[in-house]
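Understanding the architecture of this molecule
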Amino acid sequence: YVPIADAAALYDSLCKAGAEFGLRDCGYYALDALRIEAGRRAFGAELSPDCTPYEAGLGFAVKMDKAVEFIGRQALRRAPRGELAKRLLIFTFPATALFAWGGEPILREGEPVGELTSVGYSAALGQMVGMGFVHSKQPERVEQLLASRYEIEVSGARIAARASVKAPWPG
């Protein structure tokens, strides 16, 4: 943190120090697209009190055998892990003239099963990348989910999408 009066000087110093590394300004949507294509979840979008780490694809970060107690341990012990009725998937799909902003329906085998929580254009991949929770009537293994056909509905147009649990970048 710096006083407001020093913010411009700090910005200039950072730009000067980063010039040899190609540092340059970046807009918020470009920055958010980098987060999404790397599979980084965001609080309020992919992470909330209504979502377990297992549903968000972050089960690897849960250490149930920690020597210290932590908030939520008992709830996580009861939470399903392998077969889930709600799971975060990462989607890639072609960019269209109508830009996806988030909230677009996710269709599985033609039926609505969720909506995109975050989406952006990946310049590195040349396509859209989004994340969203897929809901099913019965708990399913991830292999069952990934074997399905998905589409993202962008402004009424259905766009074929590839689903994954792994971030598409870096590949």
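**A look at the nonpolar core**
- Core analysis: the largest hydrophobic core is formed by 17 residues, its most contacted members being Phe91, Phe93, Ile106, Val134, Tyr150 and Ile152.
- Of all the elements in the fold, those that place two or more residues in this core are strand S1 (84-93), strand S3 (111-122), strand S4 (127-140), strand S5 (150-154) and strand S6 (157-164).
- When residues no more than four places from it in sequence are discounted, the contact partners of Phe91 are Ile106, Leu116, Met128, Val129, Gly130, Gly132, Val134, Tyr150, Ile152, Ala161, Arg162 and Ala163.
- In terms of nonpolar packing, the next biggest core, distinct from the first, is built from 10 residues, Ile36, Leu47, Val129 and Phe133 among them.

**Some thoughts on unusual backbone geometry**
- Pro170 follows Trp169 through a cis peptide bond whose omega is -5 degrees.
- For Pro170, the position within the fold is in the segment after S6.
- For Glu109, which is not a glycine, the phi torsion comes out positive at approximately 50 degrees.
- Summarising the element assignment, Glu109 is placed in the loop between strand S2 (105-108) and S3.
- With phi around 50 degrees, Ser155 is a residue other than glycine that occupies positive phi space.
- Residue Ser155 is classed as exposed on the basis of its relative accessible area of 57%.

**Digging into helix H2 (residues 28-37)**
- Among the residues making up H2, those that are buried are Asp32, Ala33, Arg35, Ile36 and Glu37.
- As for H2, its buried residues are in contact with S3 and S4.
- Positive phi shows up at Gly39, right after H2, with a value of about 75 degrees.

**Brief notes about a nonpolar patch on the surface**
- On the surface, Tyr28, Tyr29, Phe99, Trp101 and Tyr121 cluster together into a nonpolar patch covering about 640 Å² of accessible area.
- Mapping Tyr121 onto the fold places it in strand S3.
- For Tyr121, a relative accessible area of 37% corresponds to the partly exposed category.

**A few points about the pairing of S2**
- The pairing of S2 with S3 spans four bridges and is classified as antiparallel. Bridge pairing in S3 links Pro105 to Glu115.
- Hairpin connection from S2 to S3: two residues lie between these consecutive antiparallel strands, with Glu109 at a positive phi of about 50 degrees.
- Pairing analysis gives three bridges linking S2 to S5, with the strands arranged antiparallel. Each residue of the ladder has a partner; that of Leu107, found in S5, is Glu151.

**Some words on the pattern of salt bridges**
- For the structure on display, the rule yields eight salt bridges.
- When the shortest N-O distance is used, the salt bridge between Arg35 and Glu46 registers 3.2 Å. Here Glu46 lies in the loop between H2 and helix H3 (73-78) and Arg35 lies in helix H2, a separation of 11 residues in the sequence.
- Measuring nitrogen to oxygen at the nearest pair gives 3.6 Å for the salt bridge that ties Glu143 to Arg141.
- Connected through salt bridges with shared partners, the residues Glu109, Arg149, Glu151 and Arg158 form a single ionic network.

**Here's the deal with the sheet that holds S1**
- The antiparallel closed barrel is built from six strands, whose spatial order is S1-S4-S3-S2-S5-S6. Strand-to-strand twist across the sheet, computed as the mean angle between neighbouring axes with direction ignored, equals 40 degrees.
- Both S5 and S6 contribute to a ladder of five bridges, which runs antiparallel. Counterpart to Glu151 in the pairing with S6 is Ala160.

Conventions and cut-offs
Along each chain, residue indices are assigned from 1 in the same order as the chain's sequence is written. Since the coordinates come from a predicted model, pLDDT governs what is reported: local features require at least 70, and pairs of side-chain atoms require 80 or more to be given and counted, while whole-chain, interface and lining totals use all residues. Side-chain calculation: all heavy atoms of the structure are included, whereas hydrogens and water are not. Side-chain atoms within 4.5 Å are what join buried Ala, Val, Leu, Ile, Met, Phe, Trp, Tyr and Cys residues into a set we call a nonpolar core. Categorising residues by exposure relies on relative accessible area from a 1.4 Å probe, with only protein chains included: less than 20% of the type maximum marks a residue as buried, more than 50% marks it as exposed, and the intermediate range marks it as partly exposed. Numbered from the N terminus, helices here are DSSP runs of H or I no shorter than four residues, and strands are runs of E no shorter than two. The contact criterion used throughout is that any non-hydrogen atoms of two residues lie within 4.5 Å. Two joining distances apply to patches: 9 Å for like charges and 5 Å for nonpolar side chains (Val, Leu, Ile, Met, Phe, Trp, Tyr), and every residue must have over 30% relative accessible area and no salt bridge. Where accessible areas are quoted, they stem from the Shrake-Rupley method and a 1.4 Å probe; at the residue level, only the protein chains shown are allowed to cover. A pairing counts as a salt bridge when a side-chain nitrogen of Lys or Arg comes within 4 Å of a carboxyl oxygen of Asp or Glu. Two strands form a pair only when DSSP identifies at least two bridges running between them. Fitted lines through C-alpha atoms give the axes, limited to the stretch in contact for helices. The angle between two N-to-C directions lies from 0 to 180 degrees.

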